[in-house]
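An overview of the molecular structure
Now for the letters of each chain:
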Amino acid sequence: MKVSERGLAFVARHEGFVAGAYRDPVGVLTIGYGFTMGSRLFAESWRKAHGRALAPGDRISRAEADRLLRRLIDEEYGREVTKALGTLPQHRHDAACSVAYNLGPRALHWRWATALKAGDVKGAAGILGANYNTAGGRKLAGLVRRRQEEARLLLTGDYGDGKGRGVAAPGGASEPGGSLFARLAGLVLALLARLRRS
């Protein structure tokens, strides 16, 4: 299964594009949409184009980063999502791809994924929205927001792009009122996260 255009935009929006190599919050050399030499496909592509590993001062164009992002998600992470979780509705596949891209494929075997595979979508979204938001032992606001938005996407099909839900209603029409439902689901997830901490 391939990532959708909306799913690709979701990941790109959360990763952000940076043309110059930089160190992420835990010190890993990163470029583009969060690309690191830890990705087999990125490392192969970078070495083929540059004859060496990514180094400080290196740059990448947005066009090249866009091509690489789709390839990495489809060929490296999306395959792992399908292998670990089976065939999912598009919005759930896209949410799982975002998680795997950010946390690594091992995240597809954590509690949230176990719940999803068992059919407990609400439980999976609750676990995902309340956890996996630290780097270097520090809770990061960007990761808190990302996990909550991935959880909302998983549960409701809301990509957070203002286009409503990405879930087809019976008959194939886009379900009306998706944004209100998504906001309510987000509030429920936030409440569940707060209750778990107390």
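The text that follows walks through the structure, step by step, so that each part is easy to find. (Residues numbered from 1 in each chain as written. Predicted model: local features only at pLDDT ≥ 70, side-chain atom pairs only at ≥ 80, totals over all residues. Heavy atoms only, no water.)

As enumerated under the stated definition, the model contains 6 aromatic pairs in all. Taking the centre distance of 5.5 Å and the plane angle of 55 degrees together, the rings of F17 and Y33 count as tilted. Remark: Y33 occurs in the loop between β2 (29-32) and α2 (40-50) and F17 occurs in the loop between α1 (5-15) and β1 (18-23); sequence separation between them is 16 residues. Since its relative accessible area comes to 21%, F17 is described here as partly exposed. We classify Y33 as buried; its relative accessible area is 5%. With centroids separated by 5.3 Å and ring planes inclined at 25 degrees, the aromatic side chains of F35 and F42 adopt a geometry described as stacked. Exposure class is identical for F35 and F42. Each is buried. One aromatic cluster is present, built from ring pairs that chain together F17, Y33, F35, F42 and W46. (Phe/Tyr/Trp six-rings, centres within 6.5 Å; stacked < 30°, edge-to-face > 60°. Helix = DSSP H or I, 4+ residues; strand = E, 2+ residues; numbered from the N terminus. Buried < 20%, exposed > 50% of the residue type's maximum accessible area, 1.4 Å probe, protein only.)

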